[in-house]
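# Summary of structural features
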Number of protein chains: 2
Amino acid sequence: MATLRVHNATMLTMCDGAEPIHGAELVSVDGVIEYVGPERDQPGDGFDEQIDAGGAVLLPGLVNAHTHLAMTLLRGFADDMPLQEWLTEKIWPTEAGLVEEDVYWGTLLGILEMLRAGVTCYNDMYHYPGAGVRAAIDGGIRALPSGVLLQFVDERRDVSSATEFALQTRETSPERIVPMLGPHAPYSCTPEMLTEVAEAALEHGFSIHIHLSETVNEVEQVEQQTGMKPVAYLEKLGVLNAHVTAAHCVHLDDGEIAVLAERGVGIAHCPTSNMKLASGFARVPDMLERGAIVGLGTDGASSNNRLDLLGEARMAALIHKGYAGDPRVVNARQALEMATIGAARAIGLQETIGSLEVGKRADFTLVSMAEAHNQPLHNLCSQLIYAAEAGDVVLTAVDGVVLYERGAYPHLDAERIIARANESAMRLTRS
Amino acid sequence: MATLRVHNATMLTMCDGAEPIHGAELVSVDGVIEYVGPERDQPGDGFDEQIDAGGAVLLPGLVNAHTHLAMTLLRGFADDMPLQEWLTEKIWPTEAGLVEEDVYWGTLLGILEMLRAGVTCYNDMYHYPGAGVRAAIDGGIRALPSGVLLQFVDERRDVSSATEFALQTRETSPERIVPMLGPHAPYSCTPEMLTEVAEAALEHGFSIHIHLSETVNEVEQVEQQTGMKPVAYLEKLGVLNAHVTAAHCVHLDDGEIAVLAERGVGIAHCPTSNMKLASGFARVPDMLERGAIVGLGTDGASSNNRLDLLGEARMAALIHKGYAGDPRVVNARQALEMATIGAARAIGLQETIGSLEVGKRADFTLVSMAEAHNQPLHNLCSQLIYAAEAGDVVLTAVDGVVLYERGAYPHLDAERIIARANESAMRLTRS
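Residues numbered from 1 in each chain as written. Chains lettered and ligands numbered in written order. Predicted model: local features only at pLDDT ≥ 70, side-chain atom pairs only at ≥ 80, totals over all residues. Heavy atoms only, no water.

With that out of the way, let us pick up the relation of the copies chain B and chain A. Once chain B is rotated about the relating axis by 180 degrees and shifted along it by 0.0 Å, it coincides with chain A to within an RMSD of 0.0 Å. Both copies of the chain, as the preceding transformation shows, are related through a two-fold rotation axis. When each C-alpha of chain B is compared by its distance to the rotation axis, Gly391 of chain B comes out closest, at 2.9 Å. Mapped onto chain A, 100% of the interface residues of chain B again fall at the interface, so both copies present the same surface. (Least-squares fit on C-alpha atoms with pLDDT ≥ 70 in both. Contact = heavy atoms within 4.5 Å.)

Right, dumping it as structure tokens:
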């Protein structure tokens, strides 16, 4: 029995309406939260590990609802370019050279970055998912891996092998690895493939991770090919009968937002990527108002170029105000919810993570408010969203195990990971 | 004679078209740059101080072209609110309680934050500018202070006393303190006041720091009252005959952008503040295309809530792509220019700072690229804008004097400043 106590914290549980608790304590037993609330225990009470938070903010671990993690290898490799040129001239030709080990080291590099930023769980869609799973297991982090099912590129895998992979991964991995099925998008998969994915998801209880209506062009393409809006098309194919996490959702009409809200589809909003690739402004204020489930994602590091959920929350809180002409939309609390419990809901793990509650996994992070840029502290949510930065994270733990603490990774060889990821990146991009 | 050598750096001078120099060195003598280029000198060459950059990126100090620095005291005090309610119910009533010492400590708090973020110069407009000047002098930083000349609040100062203050400040302060005249905005000053400011600026060689066309409402107000667009109005009053730094410039038409470009007006673009207060999207791609001078500003910490120029540059690079629907606008290089030489031009100090060149002041910062989130490094400009964060700054110097190094401020008592600023903030906001 492994026991952990975190005390002397300012706790934001992210439970509905909960106010910050000062002088708070969290106790976990074998990775499960057993107590959250005002300080209760004593230093001498015989915990295996005790952490004095020094007044730092104790938050549920941040959840990244959409990424392509090993794309860290291409961070900064091709920026400020039109989407199609970026994909066809830079990203896809380079990715064609990927081997398993690249994905392994690229994924671990992303894990280092996310742990430093307080992220404890990520929803990943990428090639060589087996290597991604190995990296997540070795990295100690919570992950929802899926391969990419794409119709129009030389794809290595079909739905049945993807299902086989997901089954095997579930069978052989720790519980914190939750495989999903990853059909790329409505425009890039055949209807047969999408139907097959839906059936497999329902049969085996997998969630589906898919891109949805990221660009105007793809929406038009789906409409031309099917006579339907993308959401109606997915509904017709039965995809929405399974649990779905839909990334981007930039170009939705009112009816589509209503359907996603009603069917409990998790929307992974990726504001930075949407800006950087000029995809547009997702209708997040409308989504929230209509009760849709919205979480935040970073997308891959080649279209962001960070894996920083606090930064993503800040971005969401800012751009929608400017675009709506209304400074009240996406307030700080809502933005923080989208980075925690909202994202957990969006990926279907709201019973396990996303808030600090007895019975949930002990995934948490500590954020220091001590430096000048976080002072004075009038309002904790505002400070976390508008003032704090990834570098303020001082500790990150998954399943009650500390994976990051003040620049150090107790269970990972950061230097080696960075070196190996660099080798892969340089080999891939050598022209 | 004080000599300083920085070596083992990757240098971006930010001179036009200059590529990064690896293994670079900078030498300063009495605060003036005497050499920049490939490593030339030896450790034993008898410099008073030598800094091994350890491969970090050596940049000109970042320049904050528009802020109200002591508003750090109200960071997070009132967010997610409509502009008028925010101003009239929260900010102005609270500011009415300000005393000199509040401004002194609030300004120093902002200086701590900016030094940590690589910012070496700021253009400030606030109440009790004498206290602001004292803080800038004590803080060792470069500053362009001005009081606020406002018609419609109980104002403490008129144009002649503001001019007197600027003259006296110039006379008695170190050269790095460059006073300006600060009429608040076209809609909030009488035409007589603006004319008087223009005359004083021309007579004494002061620049003018003014807000311009931040919101749709104020533009309409000026049009109603004067029959002119704000830029034409300022031109008619003679204001543009002086050097002007115009903050925000969100709502300009083509003709106004052309006039600002032609008259060499420095535009201080504040993207985060414009989003947070829902003011709108300044036409930065058009401004750059037409050759206008554009630098970046943070605005005050109660409408941002950071004083982080790298973050501001990232914001500028991202939101304009999303808004224009074109991922090529405001590229990484342009964004970095707006945070350095562009901002220096915008405040009229391009002969003194903004790039690393022989004869300019030795204001610089070192940014570490060593951590996972800055790896691999395919493109230095992209990395600085899209991947790096304020916390990656490891050292900041003004006039060749190191003011910040890895969390420490050699010449400032950060703990005391934070404590005193907190006392002020809590007294001001006690309801």
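Right, let's get into the interface of chain B and chain A. Of the residues lining the interface, 63 residues belong to chain B; the matching set on chain A comes to 63 residues. It is Asp80, Arg306 and His378 of chain B that lose the most area in chain B upon contact with chain A, and together they represent 14% of the buried surface on that side. Where chain B touches chain A, the interface holds 10 salt bridges. Glu371 of chain A is paired through a salt bridge with Arg116 of chain B; the nearest N and O atoms lie 2.9 Å apart. Counting across the interface, chain B meets chain A through 36 residue pairs in polar contact (both at pLDDT 80 or more). Among the elements that take part in the side of chain B that touches chain A, helix H11 (residues 309–324) of chain B stands out by supplying 7 residues, more than any other. Here the residues of the side of chain B that touches chain A are counted per class, giving 30 nonpolar, 19 polar and 14 charged. (Buried area = accessible area lost by both parts, 1.4 Å probe. Salt bridge = Lys/Arg side-chain N within 4 Å of Asp/Glu carboxyl O. Polar contact = N/O pair within 3.5 Å; in protein donor to acceptor, adjacent residues only side chain to side chain. Helix = DSSP H or I, 4+ residues; strand = E, 2+ residues; numbered from the N terminus. Nonpolar A, V, L, I, M, F, W, Y, C, P; charged D, E, K, R; others polar.)

Turning to the packing of helix H11 (residues 309–324) of chain A against helix H14 (residues 380–387) of chain A, a few remarks are in order. For any two helices packed against each other, one specifies the crossing angle of their axes together with the interaxial distance. Residues and elements named next belong to chain A. Between H11 and H14, the shortest axis-to-axis distance is 7 Å and the interhelical angle comes to 95 degrees. The angle between H11 and H14 falls in the class roughly perpendicular. Of H14, the residues touching H11 (which contributes Leu310, Ala313, Arg314, Ala317, Leu318 and Lys321) are Leu384, Ile385, Tyr386 and Ala387. In terms of residue class, the contact of H11 with H14 is made up of 8 nonpolar, no polar and 2 charged. (Axes fitted to C-alpha atoms, helices over the stretch in contact; angles between N-to-C directions. Parallel < 35°, antiparallel > 145°, perpendicular 65-115°, else oblique.)

We now examine helix H4 (residues 159–172) of chain A. Residues and elements named next belong to chain A. Spanning 14 residues, H4 covers 20 Å between terminal C-alpha atoms, matching the ideal 20 Å at 1.5 Å per step. For H4, the full list of buried residues reads Val159, Ala162, Thr163, Phe165, Ala166 and Thr169. The buried residues of H4 all sit within an arc of 160 degrees when viewed along its axis, so they share a single face. Among the exposed residues of H4, those pointing more than 90 degrees away from its buried face are Glu171 and Thr172. Buried residues along H4 sit in contact with helix H3 (129–139) and helix H5 (191–204). (Expected span 1.5 Å × (residues − 1). Buried < 20%, exposed > 50% of the residue type's maximum accessible area, 1.4 Å probe, protein only. Arc of directions from axis to C-beta.)

Let us now look at the pairing of strand S6 (residues 62–67) of chain B. Residue and element names in this part refer to chain B. Counted residue by residue, S6 has 6 buried out of 6 residues, so it is predominantly covered. One ladder, built from 4 bridges, connects S6 with strand S7 (residues 119–125); its direction is parallel. Looking across to S7, one finds that Thr67 is bridged to Asp124. (Pairing = 2+ DSSP bridges.)

Our focus in this paragraph is the pattern of salt bridges. Pairing is possible between side chains of opposite charge, provided their charged atoms come close. Taken as a whole, this structure holds 50 salt bridges over all chains when the rule is applied. With a closest N to O distance of 3.8 Å, Arg420 of chain A and Glu423 of chain A form a salt bridge. Residue Arg420 of chain A and its partner Glu423 of chain A are both found in helix H15 (residues 414–429); the two are separated by 3 residues, about one turn of the helix. Residue class for Arg420 of chain A comes out partly exposed when judged on its relative accessible area of 27%. Asp286 of chain B is paired through a salt bridge with Arg283 of chain B; the nearest N and O atoms lie 3.0 Å apart. Judged by relative accessible area, Asp286 of chain B falls into the partly exposed class, the value being 24%. Arg283 of chain B gets classed as partly exposed once you look at its relative accessible area, which sits at 23%. Each member of the salt-bridge network shares a partner with another, and the members are Arg116, Arg306 and Asp308 of chain A together with Glu371, Glu389 and Asp392 of chain B.

Let us look at the sheet that holds strand S12 (residues 293–296) of chain A. Strand pairing within a sheet occurs via backbone hydrogen bonds; the two strands may be parallel or antiparallel. Residue and element names in this part refer to chain A. Spatial ordering of the open sheet is given by S9-S10-S11-S12, a layout of 4 strands whose pairing is parallel. Only two strands of the sheet have a single partner each, and these edge strands are strand S9 (208–212) and S12. Direction aside, neighbouring strands of the sheet carry axes that sit 30 degrees apart on average. In the sheet, S9 pairs with strand S10 (residues 244–248) via 5 bridges, with the strands oriented parallel. The residue bridging Ile210 from the neighbouring strand is Ala246, located in S10.

Time to look at the packing of H4 of chain A against H5 of chain A. Residues and elements named next belong to chain A. Two elements in contact, H4 and H5, have axes separated by 10 Å at closest approach and are oriented at 25 degrees. What the angle tells us is that H4 and H5 run roughly parallel. H5 is crossed by H4, and the crossing has right-handed handedness. Packed against H4, whose contacting residues are Val159, Ser160, Thr163, Leu167 and Arg170, the element H5 presents Met193, Glu196, Val197, Ala200 and His204 at the interface. (Left-handed = near helix turned anticlockwise from the far one by under 90°.)

This structure, assessed with the given rule, holds 7 aromatic pairs over all chains. Ring plane angle 5 degrees and centroid distance 4.0 Å describe the contact between Phe281 of chain A and Tyr323 of chain A, whose orientation is recorded as stacked. Within this pair, whereas Phe281 of chain A is found in the loop between helix H9 (271–276) and helix H10 (284–289), its partner Tyr323 of chain A is found in helix H11, the two being separated by 42 residues in sequence. Three or more aromatic residues link up through ring pairs in this structure, and these residues are Phe281 and Tyr323 of chain A together with Phe281 and Tyr323 of chain B. Sitting above the plane of the Tyr35 of chain A ring, Arg40 of chain A keeps its charged end 4.0 Å from the centroid. (Phe/Tyr/Trp six-rings, centres within 6.5 Å; stacked < 30°, edge-to-face > 60°. Lys NZ or Arg CZ within 6 Å of the ring centre and 35° of its normal.)

Turning our eyes to something else, we now look at the pairing of strand S2 (residues 21–29) of chain A. All names here are of chain A. Note that strand S1 (residues 3–11) and S2 share 6 bridges and pair antiparallel. Looking at S2, one finds that Met11 is bridged to Ile21. Counting the residues that bridge the hairpin from S2 to strand S3 (residues 32–38) gives 2 residues, and of these Asp30 lies at a positive phi of roughly 50 degrees.

The next subject is the domain arrangement of chain A. Residue and element names in this part refer to chain A. If you check the domain split of chain A, you get domain 1 (3–60 + 360–405) and domain 2 (62–346). For the pair domain 1 and domain 2, the summed buried area comes to about 2300 Å², and 63% of that belongs to carbon and sulfur atoms. Sorting the residues of domain 1 by area buried against domain 2 places Met14, Ile385 and Tyr386 first, and these three jointly supply 31% of that buried surface. The interface formed by domain 1 and domain 2 includes 2 salt bridges. For Arg142, the salt bridge identified is with Asp399, shortest N-O distance 2.6 Å. At the junction of domain 1 with domain 2, the criterion picks out 8 residue pairs in polar contact (both at pLDDT 80 or more). Secondary structure elements with two or more residues in the side of domain 1 that touches domain 2: strand S5 (57–60), strand S13 (364–367), H14, strand S14 (393–398) and strand S15 (401–405). Per element, the largest residue contribution to the side of domain 1 that touches domain 2 is 6 residues, and it comes from H14. (Domains from an automatic or database assignment.)

Attention now goes to the nonpolar core. Among the nonpolar cores identified, the biggest contains 242 residues, and Met287 of chain A together with Met287 of chain B are the most heavily contacted of them. Sequence-distant contacts of Met287 of chain A, that is, excluding residues within four places in its chain, are made with Cys249, Leu252, Ile257, Ile267, Ala282, Ala292 and Val294 of chain A. (Core = buried A, V, L, I, M, F, W, Y, C linked by side-chain atoms within 4.5 Å.)

Below, the discussion takes up unusual backbone geometry. Working note: non-glycine residues mostly have negative phi, and peptide bonds are mostly trans. Put simply, Gln375 of chain A and Pro376 of chain A share a cis peptide bond, and its omega is -15 degrees. Looking at the secondary structure, you find Pro376 of chain A in the loop between S13 and H14. Even without a glycine there, the phi angle at Cys249 of chain A is positive, about 50 degrees. By secondary structure assignment, the location of Cys249 of chain A is in the loop between S10 and helix H8 (254–263). Phi at Asp399 of chain B takes a positive value of approximately 55 degrees, unusual for a residue other than glycine. Its location among the elements puts Asp399 of chain B in the loop between strand S14 (393–398) and strand S15 (401–405).

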